[in-house]
Amino acid sequence: MVRKALLQELVVNKKISVFIPMKNESSTISLLFNRVLPVLEKTLLDYEIIVVNDGSTDNTLDLLIEYQKTINNLVIIDLSRNFGKEAALYAGFANALGNCVIAIDADLQDPPELILQMIRYWQEGYEIVTAVREERIHDSFIKKSTANLFYKLINRISDTRFEPNAGDYRLLDRVAVDAFLSLDERVRFNKGLFSWLGFREKFVYHSREPRSAGTTKWSYWKLIRFSLDGITSFSVFPLKIWTFIGLLTSLSAFVYAIYYFIRTMIFGIDVHGYPSLLLFMLFFSGLQMIGIGVLGEYIGRLFIETKRRPLYLIRNIYRNINKSS
Ligand code: UDP
Ligand code: MG
(Lines give C-alpha, C1' and ligand atoms only; values in the text may rest on other atoms or scores of the structure.)
(Ligands and ions follow the chains in the order given, each with its own letter.)
Protein backbone atom coordinates (compact mmCIF):
# COMPACT_ATOMS: atom_id res chain seq x y z
CA MET A 1 0.00 0.00 0.00
CA VAL A 2 2.73 2.39 1.05
CA ARG A 3 4.60 1.51 -2.09
CA LYS A 4 1.55 2.24 -4.21
CA ALA A 5 1.00 5.62 -2.60
CA LEU A 6 4.64 6.51 -3.10
CA LEU A 7 4.48 5.43 -6.71
CA GLN A 8 1.40 7.54 -7.31
CA GLU A 9 3.13 10.59 -5.94
CA LEU A 10 5.83 10.07 -8.54
CA VAL A 11 3.49 10.62 -11.43
CA VAL A 12 3.81 14.32 -10.75
CA ASN A 13 7.49 14.49 -9.82
CA LYS A 14 9.55 12.32 -12.12
CA LYS A 15 12.18 10.46 -10.22
CA ILE A 16 14.94 8.11 -11.32
CA SER A 17 16.34 5.19 -9.38
CA VAL A 18 19.88 3.98 -9.86
CA PHE A 19 20.48 0.45 -8.74
CA ILE A 20 23.94 -0.94 -7.92
CA PRO A 21 24.56 -4.54 -6.80
CA MET A 22 27.57 -4.97 -4.55
CA LYS A 23 29.48 -7.95 -3.39
CA ASN A 24 32.79 -7.14 -1.77
CA GLU A 25 33.16 -3.80 -3.49
CA SER A 26 34.76 -1.80 -0.66
CA SER A 27 37.65 -0.84 -2.93
CA THR A 28 35.40 0.63 -5.61
CA ILE A 29 32.76 2.50 -3.57
CA SER A 30 34.45 5.89 -3.31
CA LEU A 31 35.49 5.89 -6.98
CA LEU A 32 31.98 4.89 -7.89
CA PHE A 33 30.14 7.57 -5.96
CA ASN A 34 32.62 10.19 -7.12
CA ARG A 35 31.66 9.44 -10.69
CA VAL A 36 27.99 8.59 -10.38
CA LEU A 37 26.84 11.48 -8.19
CA PRO A 38 27.91 14.32 -10.52
CA VAL A 39 26.14 12.56 -13.40
CA LEU A 40 22.94 12.26 -11.39
CA GLU A 41 23.10 15.91 -10.38
CA LYS A 42 23.39 16.80 -14.05
CA THR A 43 20.12 15.06 -14.92
CA LEU A 44 18.26 17.73 -12.88
CA LEU A 45 15.82 15.00 -11.91
CA ASP A 46 14.96 13.75 -8.47
CA TYR A 47 16.94 10.56 -7.84
CA GLU A 48 17.60 7.76 -5.42
CA ILE A 49 20.49 5.32 -5.34
CA ILE A 50 19.68 1.78 -4.33
CA VAL A 51 22.57 -0.44 -3.33
CA VAL A 52 21.96 -4.10 -2.69
CA ASN A 53 24.64 -5.57 -0.48
CA ASP A 54 24.75 -9.12 -1.78
CA GLY A 55 26.39 -10.89 1.14
CA SER A 56 29.69 -9.01 1.13
CA THR A 57 32.28 -10.44 3.45
CA ASP A 58 34.40 -7.28 3.55
CA ASN A 59 33.40 -3.91 5.00
CA THR A 60 31.20 -2.85 2.05
CA LEU A 61 28.14 -2.45 4.29
CA ASP A 62 29.96 -0.32 6.89
CA LEU A 63 31.27 1.94 4.17
CA LEU A 64 27.81 2.30 2.67
CA ILE A 65 26.28 3.21 6.02
CA GLU A 66 29.02 5.80 6.42
CA TYR A 67 28.24 7.23 2.97
CA GLN A 68 24.56 7.38 3.77
CA LYS A 69 25.30 10.15 6.26
CA THR A 70 26.28 12.42 3.38
CA ILE A 71 24.20 11.00 0.54
CA ASN A 72 20.59 11.51 1.64
CA ASN A 73 18.88 9.53 -1.04
CA LEU A 74 20.97 6.40 -0.68
CA VAL A 75 18.98 3.28 0.14
CA ILE A 76 20.91 0.23 1.31
CA ILE A 77 19.30 -3.18 1.07
CA ASP A 78 21.28 -5.70 3.02
CA LEU A 79 20.59 -9.29 1.96
CA SER A 80 20.90 -12.12 4.47
CA ARG A 81 23.68 -13.76 2.44
CA ASN A 82 25.05 -13.87 -1.09
CA PHE A 83 22.21 -14.67 -3.50
CA GLY A 84 24.01 -13.88 -6.75
CA LYS A 85 23.76 -10.88 -9.02
CA GLU A 86 20.56 -11.99 -10.73
CA ALA A 87 18.66 -12.15 -7.43
CA ALA A 88 20.29 -8.93 -6.22
CA LEU A 89 18.94 -7.21 -9.32
CA TYR A 90 15.43 -8.37 -8.52
CA ALA A 91 15.78 -7.10 -4.96
CA GLY A 92 16.92 -3.72 -6.28
CA PHE A 93 14.12 -3.40 -8.83
CA ALA A 94 11.50 -4.52 -6.31
CA ASN A 95 12.52 -1.75 -3.94
CA ALA A 96 13.07 1.03 -6.46
CA LEU A 97 10.48 3.78 -6.53
CA GLY A 98 11.59 5.74 -9.58
CA ASN A 99 9.72 6.28 -12.83
CA CYS A 100 12.66 4.55 -14.37
CA VAL A 101 15.39 2.36 -12.93
CA ILE A 102 18.97 2.25 -14.17
CA ALA A 103 21.04 -0.78 -13.21
CA ILE A 104 24.80 -0.32 -13.20
CA ASP A 105 27.72 -2.43 -11.89
CA ALA A 106 29.83 -1.16 -9.04
CA ASP A 107 33.18 -1.64 -10.76
CA LEU A 108 32.89 1.25 -13.26
CA GLN A 109 33.41 -1.04 -16.24
CA ASP A 110 30.40 0.70 -17.71
CA PRO A 111 30.79 4.49 -17.83
CA PRO A 112 28.16 6.21 -15.63
CA GLU A 113 28.23 9.23 -17.96
CA LEU A 114 26.12 7.15 -20.34
CA ILE A 115 23.21 7.59 -17.95
CA LEU A 116 22.55 11.04 -19.41
CA GLN A 117 22.15 9.61 -22.88
CA MET A 118 19.98 6.79 -21.58
CA ILE A 119 17.67 9.25 -19.87
CA ARG A 120 17.36 11.29 -23.05
CA TYR A 121 16.18 8.23 -24.94
CA TRP A 122 13.81 7.38 -22.09
CA GLN A 123 12.35 10.86 -22.30
CA GLU A 124 11.91 10.31 -26.03
CA GLY A 125 9.67 7.36 -25.19
CA TYR A 126 11.84 4.25 -25.16
CA GLU A 127 10.92 1.91 -22.32
CA ILE A 128 14.21 0.04 -22.27
CA VAL A 129 17.61 1.54 -23.02
CA THR A 130 20.39 -1.04 -23.11
CA ALA A 131 24.10 -0.33 -23.05
CA VAL A 132 26.12 -2.43 -25.45
CA ARG A 133 29.88 -2.76 -25.16
CA GLU A 134 31.42 -2.04 -28.49
CA GLU A 135 34.36 -4.36 -28.11
CA ARG A 136 35.77 -6.53 -25.43
CA ILE A 137 39.34 -5.28 -25.68
CA HIS A 138 40.10 -6.02 -22.05
CA ASP A 139 38.80 -9.57 -22.14
CA SER A 140 41.07 -12.50 -22.91
CA PHE A 141 40.92 -14.28 -26.26
CA ILE A 142 39.30 -17.35 -24.70
CA LYS A 143 36.63 -15.29 -22.94
CA LYS A 144 35.90 -13.41 -26.16
CA SER A 145 35.57 -16.48 -28.35
CA THR A 146 33.55 -18.52 -25.85
CA ALA A 147 31.18 -15.58 -25.42
CA ASN A 148 30.77 -15.36 -29.21
CA LEU A 149 30.09 -19.06 -29.44
CA PHE A 150 27.50 -18.87 -26.68
CA TYR A 151 25.56 -16.06 -28.36
CA LYS A 152 25.64 -17.75 -31.75
CA LEU A 153 24.30 -20.94 -30.22
CA ILE A 154 21.59 -19.45 -28.06
CA ASN A 155 20.30 -17.16 -30.82
CA ARG A 156 20.02 -20.20 -33.06
CA ILE A 157 18.03 -22.34 -30.66
CA SER A 158 15.94 -19.77 -28.81
CA ASP A 159 13.09 -17.56 -29.95
CA THR A 160 14.24 -14.77 -27.68
CA ARG A 161 16.89 -12.55 -29.19
CA PHE A 162 20.11 -12.13 -27.21
CA GLU A 163 22.14 -9.02 -27.97
CA PRO A 164 25.75 -10.29 -27.91
CA ASN A 165 27.54 -7.60 -25.96
CA ALA A 166 24.77 -6.28 -23.79
CA GLY A 167 25.37 -6.59 -20.07
CA ASP A 168 23.06 -5.70 -17.25
CA TYR A 169 23.73 -1.99 -17.67
CA ARG A 170 20.35 -0.67 -18.75
CA LEU A 171 17.48 1.67 -18.07
CA LEU A 172 13.96 0.37 -17.59
CA ASP A 173 10.85 2.46 -17.56
CA ARG A 174 8.38 1.81 -14.71
CA VAL A 175 6.16 -0.33 -16.99
CA ALA A 176 9.13 -2.49 -17.93
CA VAL A 177 10.25 -2.75 -14.29
CA ASP A 178 6.81 -3.94 -13.21
CA ALA A 179 6.68 -6.38 -16.11
CA PHE A 180 10.12 -7.69 -15.16
CA LEU A 181 9.04 -8.13 -11.54
CA SER A 182 5.97 -10.06 -12.65
CA LEU A 183 8.16 -12.78 -14.17
CA ASP A 184 8.12 -15.25 -11.38
CA GLU A 185 10.82 -17.78 -12.20
CA ARG A 186 13.56 -18.73 -9.74
CA VAL A 187 16.39 -19.39 -12.16
CA ARG A 188 16.72 -15.96 -13.69
CA PHE A 189 18.74 -15.33 -16.79
CA ASN A 190 18.17 -11.60 -16.77
CA LYS A 191 19.56 -10.84 -20.17
CA GLY A 192 16.98 -13.14 -21.72
CA LEU A 193 14.18 -11.94 -19.47
CA PHE A 194 14.77 -8.33 -20.47
CA SER A 195 14.57 -9.08 -24.16
CA TRP A 196 11.60 -11.42 -23.67
CA LEU A 197 9.68 -8.45 -22.22
CA GLY A 198 9.51 -6.66 -25.52
CA PHE A 199 8.78 -2.90 -25.25
CA ARG A 200 10.50 -0.23 -27.27
CA GLU A 201 14.22 -0.76 -26.83
CA LYS A 202 17.14 1.47 -27.75
CA PHE A 203 20.80 0.52 -27.68
CA VAL A 204 23.60 2.85 -26.66
CA TYR A 205 27.17 1.88 -27.40
CA HIS A 206 30.29 2.32 -25.31
CA SER A 207 33.66 0.68 -24.84
CA ARG A 208 34.12 -1.36 -21.71
CA GLU A 209 36.74 -0.26 -19.23
CA PRO A 210 38.83 -2.63 -17.15
CA ARG A 211 37.58 -3.11 -13.59
CA SER A 212 38.42 0.03 -11.54
CA ALA A 213 39.49 -2.00 -8.52
CA GLY A 214 38.76 -5.31 -6.83
CA THR A 215 38.35 -8.57 -8.71
CA THR A 216 35.73 -10.11 -10.91
CA LYS A 217 33.37 -12.57 -9.25
CA TRP A 218 33.12 -14.76 -12.31
CA SER A 219 35.16 -17.93 -12.56
CA TYR A 220 35.07 -19.96 -15.78
CA TRP A 221 33.08 -22.63 -14.04
CA LYS A 222 30.49 -20.05 -12.98
CA LEU A 223 30.34 -18.72 -16.56
CA ILE A 224 29.69 -22.22 -17.90
CA ARG A 225 26.90 -22.75 -15.35
CA PHE A 226 25.50 -19.35 -16.26
CA SER A 227 25.46 -20.18 -19.98
CA LEU A 228 23.69 -23.45 -19.27
CA ASP A 229 21.10 -21.56 -17.21
CA GLY A 230 20.59 -19.25 -20.16
CA ILE A 231 20.12 -22.06 -22.61
CA THR A 232 17.85 -24.19 -20.45
CA SER A 233 15.73 -21.20 -19.44
CA PHE A 234 15.11 -20.04 -22.97
CA SER A 235 15.21 -23.09 -25.18
CA VAL A 236 13.94 -26.65 -25.11
CA PHE A 237 15.98 -27.50 -28.19
CA PRO A 238 18.54 -29.58 -26.22
CA LEU A 239 15.64 -31.70 -24.91
CA LYS A 240 13.98 -32.18 -28.25
CA ILE A 241 17.09 -32.97 -30.25
CA TRP A 242 17.40 -36.33 -28.45
CA THR A 243 14.40 -37.72 -30.28
CA PHE A 244 16.22 -37.10 -33.56
CA ILE A 245 19.56 -38.37 -32.35
CA GLY A 246 17.79 -41.49 -31.09
CA LEU A 247 15.97 -41.97 -34.39
CA LEU A 248 19.14 -41.45 -36.36
CA THR A 249 21.18 -43.91 -34.34
CA SER A 250 18.49 -46.59 -34.48
CA LEU A 251 18.21 -46.05 -38.18
CA SER A 252 21.95 -46.44 -38.66
CA ALA A 253 21.92 -49.54 -36.45
CA PHE A 254 19.18 -50.94 -38.67
CA VAL A 255 21.14 -50.21 -41.84
CA TYR A 256 24.24 -51.71 -40.27
CA ALA A 257 22.28 -54.85 -39.32
CA ILE A 258 21.13 -55.34 -42.91
CA TYR A 259 24.63 -54.81 -44.20
CA TYR A 260 26.00 -57.31 -41.67
CA PHE A 261 23.34 -59.85 -42.48
CA ILE A 262 24.10 -59.73 -46.20
CA ARG A 263 27.83 -59.83 -45.56
CA THR A 264 27.48 -62.90 -43.34
CA MET A 265 25.36 -64.61 -45.96
CA ILE A 266 28.02 -64.07 -48.60
CA PHE A 267 31.31 -64.36 -46.69
CA GLY A 268 30.29 -66.37 -43.62
CA ILE A 269 30.98 -65.46 -40.01
CA ASP A 270 34.31 -64.07 -38.90
CA VAL A 271 35.29 -63.13 -35.37
CA HIS A 272 36.98 -59.92 -36.31
CA GLY A 273 35.39 -56.70 -35.35
CA TYR A 274 36.07 -56.63 -31.65
CA PRO A 275 37.56 -53.09 -31.79
CA SER A 276 34.64 -51.74 -33.80
CA LEU A 277 32.24 -53.34 -31.34
CA LEU A 278 33.96 -51.69 -28.42
CA LEU A 279 34.00 -48.40 -30.25
CA PHE A 280 30.30 -48.51 -30.95
CA MET A 281 29.54 -49.46 -27.40
CA LEU A 282 31.59 -46.63 -25.99
CA PHE A 283 30.17 -44.13 -28.43
CA PHE A 284 26.56 -44.98 -27.80
CA SER A 285 26.82 -45.32 -24.05
CA GLY A 286 28.47 -41.89 -24.08
CA LEU A 287 25.63 -40.58 -26.14
CA GLN A 288 23.10 -41.99 -23.71
CA MET A 289 24.88 -40.39 -20.80
CA ILE A 290 24.75 -37.01 -22.52
CA GLY A 291 21.05 -37.52 -23.15
CA ILE A 292 20.43 -38.31 -19.50
CA GLY A 293 22.58 -35.34 -18.50
CA VAL A 294 20.46 -32.99 -20.59
CA LEU A 295 17.31 -34.39 -19.02
CA GLY A 296 18.94 -33.85 -15.64
CA GLU A 297 19.55 -30.18 -16.42
CA TYR A 298 15.88 -29.60 -17.13
CA ILE A 299 14.60 -31.76 -14.28
CA GLY A 300 16.93 -29.92 -11.92
CA ARG A 301 15.42 -26.66 -13.16
CA LEU A 302 11.90 -27.99 -12.57
CA PHE A 303 12.91 -29.05 -9.08
CA ILE A 304 14.21 -25.59 -8.22
CA GLU A 305 11.17 -23.86 -9.72
CA THR A 306 8.62 -26.03 -7.92
CA LYS A 307 10.09 -25.28 -4.50
CA ARG A 308 9.15 -21.62 -5.01
CA ARG A 309 11.62 -20.35 -2.49
CA PRO A 310 12.00 -16.59 -2.32
CA LEU A 311 14.70 -15.22 -4.59
CA TYR A 312 16.42 -13.40 -1.75
CA LEU A 313 15.99 -12.52 1.90
CA ILE A 314 16.53 -9.07 3.34
CA ARG A 315 18.25 -8.56 6.67
CA ASN A 316 17.70 -4.83 6.81
CA ILE A 317 16.87 -1.82 4.68
CA TYR A 318 18.66 1.41 5.54
CA ARG A 319 16.93 4.62 4.50
CA ASN A 320 17.31 8.24 5.53
CA ILE A 321 13.66 8.77 6.31
CA ASN A 322 13.95 12.02 8.20
CA LYS A 323 16.09 13.88 5.73
CA SER A 324 13.94 13.54 2.65
CA SER A 325 15.71 14.50 -0.54
N1 UDP B 1 27.79 -8.93 -7.82
C2 UDP B 1 26.78 -9.22 -6.91
N3 UDP B 1 26.65 -10.50 -6.45
C4 UDP B 1 27.46 -11.51 -6.87
C5 UDP B 1 28.46 -11.21 -7.84
C6 UDP B 1 28.59 -9.92 -8.29
O7 UDP B 1 26.03 -8.34 -6.50
O8 UDP B 1 27.30 -12.65 -6.41
C9 UDP B 1 27.94 -7.54 -8.32
C10 UDP B 1 29.33 -6.97 -8.23
O11 UDP B 1 29.58 -6.37 -6.99
C12 UDP B 1 29.33 -5.94 -9.37
C13 UDP B 1 28.42 -6.60 -10.40
O14 UDP B 1 27.62 -7.55 -9.69
O15 UDP B 1 28.78 -4.72 -8.99
C16 UDP B 1 29.19 -7.25 -11.52
O17 UDP B 1 30.13 -8.15 -10.99
P18 UDP B 1 31.57 -8.38 -11.64
O19 UDP B 1 32.18 -7.06 -11.94
O20 UDP B 1 32.33 -9.29 -10.74
O21 UDP B 1 31.19 -9.12 -12.96
P22 UDP B 1 31.80 -8.87 -14.43
O23 UDP B 1 31.87 -7.39 -14.66
O24 UDP B 1 33.14 -9.49 -14.39
O25 UDP B 1 30.81 -9.54 -15.32
MG1 MG C 1 32.67 -6.13 -13.74
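Residues numbered from 1 in each chain as written. Chains lettered and ligands numbered in written order. Predicted model: local features only at pLDDT ≥ 70, side-chain atom pairs only at ≥ 80, totals over all residues. Heavy atoms only, no water.

**Considerations on the coordination of the magnesium ion (ligand 2)**
- Listed as protein donors to the magnesium ion (ligand 2) are Asp107 (OD) and Gln109 (OE1); their distances from the metal cover 1.8 to 2.0 Å. Each member of the pair aspartate 107 and glutamine 109 is classed as buried. (Donors = N, O, S within 2.8 Å, 3.2 Å for Na, K, Ca; no water. Buried < 20%, exposed > 50% of the residue type's maximum accessible area, 1.4 Å probe, protein only.)

**Some thoughts on helix 8 (residues 190-197)**
- Taking burial as the measure, the eight residues of helix 8 include six buried ones, the bulk of the element.
- Buried residues of helix 8: Asn190, Lys191, Gly192, Leu193, Phe194 and Leu197, and no others.
- Buried positions along helix 8 lie against helix 4 (85-95), strand 5 (128-133), helix 6 (141-157), strand 6 (166-173), helix 7 (174-182) and helix 9 (220-234).
- Just past helix 8, the residue glycine 198 takes up positive phi, approximately 85 degrees. (Helix = DSSP H or I, 4+ residues; strand = E, 2+ residues; numbered from the N terminus. Contact = heavy atoms within 4.5 Å.)

**Comments concerning empty space enclosed by the protein**
- One pass over the full model with this rule turns up three cavities of 30 Å³ or more.
- Volume-wise, the largest cavity comes out at about 40 Å³.
- Only strand 1 (15-22), helix 4 and strand 6 provide two or more residues apiece to the lining of the largest cavity.
- For the lining of the largest cavity, the class distribution of residues is six nonpolar, no polar and three charged. (1 Å grid on protein atoms, 1.4 Å probe; cavity = no way out; pocket = protein on both sides within 12 Å on 5 of 7 lines; lining within 4 Å. Points joined across faces, edges and corners; volume = space filled by probe spheres on them. Nonpolar A, V, L, I, M, F, W, Y, C, P; charged D, E, K, R; others polar.)

**Looking at the site of ligand 1**
- Taken together, 17 residues lie near ligand 1, and Glu25, Asp54, Asp107, Gln109 and Thr216 sit nearest.
- At 2.8 Å from an oxygen atom of ligand 1 is found a main-chain nitrogen or oxygen belonging to proline 21.
- Starting from 530 Å² of accessible surface for ligand 1 in isolation, the protein chains cover 92%.
- Among the residues making up the shell around ligand 1, the classes are represented as four nonpolar, four polar and nine charged. (Near = heavy atom within 4 Å. Polar contact = N/O pair within 3.5 Å; in protein donor to acceptor, adjacent residues only side chain to side chain. Areas by Shrake-Rupley, 256 points an atom, 1.4 Å probe, with all protein chains shown as cover.)

**Quick notes on the packing of helix 6 against helix 9**
- Interaxial distance between helix 6 and helix 9 falls to 10 Å at its minimum, and their mutual angle equals 10 degrees. Judged on the interaxial angle alone, helix 9 and helix 6 are roughly parallel. Between helix 6 and helix 9, the residues in contact are Ile142, Lys143, Phe150, Leu153, Ile154 and Ile157 and Tyr220, Leu223, Ser227, Gly230 and Ile231, respectively.
- For the contact of helix 6 with helix 9, the class distribution of residues is eight nonpolar, two polar and one charged. (Axes fitted to C-alpha atoms, helices over the stretch in contact; angles between N-to-C directions. Parallel < 35°, antiparallel > 145°, perpendicular 65-115°, else oblique.)

Treat this as a map of the structure, not an account of what it does.
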